[in-house]
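Topology and contacts: notes
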Amino acid sequence: TVEVRDRALRVNGRAILLCGVNRHDHCPEKGKAVSRADMRADICQMKRHNINAVRTSHYPADPYFYALCDRWGMYVVDEA
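Here we summarise the structure given alongside this text. (Residues numbered from 1 in each chain as written. Predicted model: local features only at pLDDT ≥ 70, side-chain atom pairs only at ≥ 80, totals over all residues. Heavy atoms only, no water.)

Here we come to the overall build of the protein chain. Scanning the protein chain from N- to C-terminus turns up two helices and six strands. Each helix and strand of the protein chain, ordered N terminal to C terminal, gives the series β-β-β-β-α-β-α-β. Residue burial in the protein chain is summarised as follows: out of 80 residues, 29% are buried. Partitioning the intrachain contacts of the protein chain with sequence separation of at least 6 by distance along the chain shows that 44% fall at a separation of at least 24. For the protein chain, the accessible surface area stands at approximately 5600 Å², while carbon and sulfur atoms represent 53% of it. Counting 13 positive and 10 negative side-chain charges, the protein chain places the averaged centre of each group 5 Å from the other. (Helix = DSSP H or I, 4+ residues; strand = E, 2+ residues; numbered from the N terminus. Buried < 20%, exposed > 50% of the residue type's maximum accessible area, 1.4 Å probe, protein only. Contact = heavy atoms within 4.5 Å. Areas by Shrake-Rupley, 256 points an atom, 1.4 Å probe, with all protein chains shown as cover. Lys, Arg positive; Asp, Glu negative; His and termini not counted. Charge placed at Lys NZ, Arg CZ, Asp CG, Glu CD.)

Summed over the entire model, instances satisfying the criterion amount to four salt bridges. Residue Arg23 pairs with Asp25 through a salt bridge whose shortest N-O separation is 2.7 Å. For Asp25, a relative accessible area of 17% puts it in the buried group. Taking the shortest distance from any N to any O, the salt bridge between Asp42 and Arg23 comes out at 3.2 Å. On the criterion of sequence distance, the pair formed by Asp42 in helix H1 (residues 36–48) and Arg23 in strand S4 (residues 20–23) is long-range, its members being 19 residues apart. Owing to a relative accessible area of 23%, Asp42 belongs among the partly exposed residues under this scheme. (Salt bridge = Lys/Arg side-chain N within 4 Å of Asp/Glu carboxyl O.)

Below, the discussion takes up the sheet that holds strand S6 (residues 75–78). Pairing in this open sheet of three strands is parallel, and the strands run S4-S5-S6 from one edge to the other. A single partner strand is all that each edge strand has here, and the edge strands are S4 and S6. The mean angle between the axes of side-by-side strands here comes to 20°, regardless of whether they run parallel or antiparallel. Relative to S6, strand S5 (residues 53–56) is paired through four bridges, and the arrangement is parallel. Paired with Ala53 across the strands is Tyr75, a residue of S6. Against the sheet, helix H2 (residues 63–72) makes contact with S4, S5 and S6, and its axis sits at roughly 165° relative to S5, the strand it touches most. (Pairing = 2+ DSSP bridges. Axes fitted to C-alpha atoms, helices over the stretch in contact; angles between N-to-C directions.)

Okay, structure coming up:
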């Protein structure tokens with residue numbers, strides 16, 4: 001369960017702290033053509049920097065990105 005109680009976001013009764021970033025599908029070399037390898041690299045870099053949440057921006061992300069977030073334990077705020 002997810003709830004806000006006592007000014008804390010709680011997942012399964014435990015308070016969590018979100019350390020998150022915004023993400024656009026973008027690659028320095030290919031522009032908006034982001035490969036699955038690029039997505040994996042993004043998630044790995046986020047985890048290396050102790051990021052546990054990502055906000056997608058303006059449009060739905062590729063379903064593969066959501067699967068990666070699920071696999072790596074990332075919280076997702078889906079704007080679209």
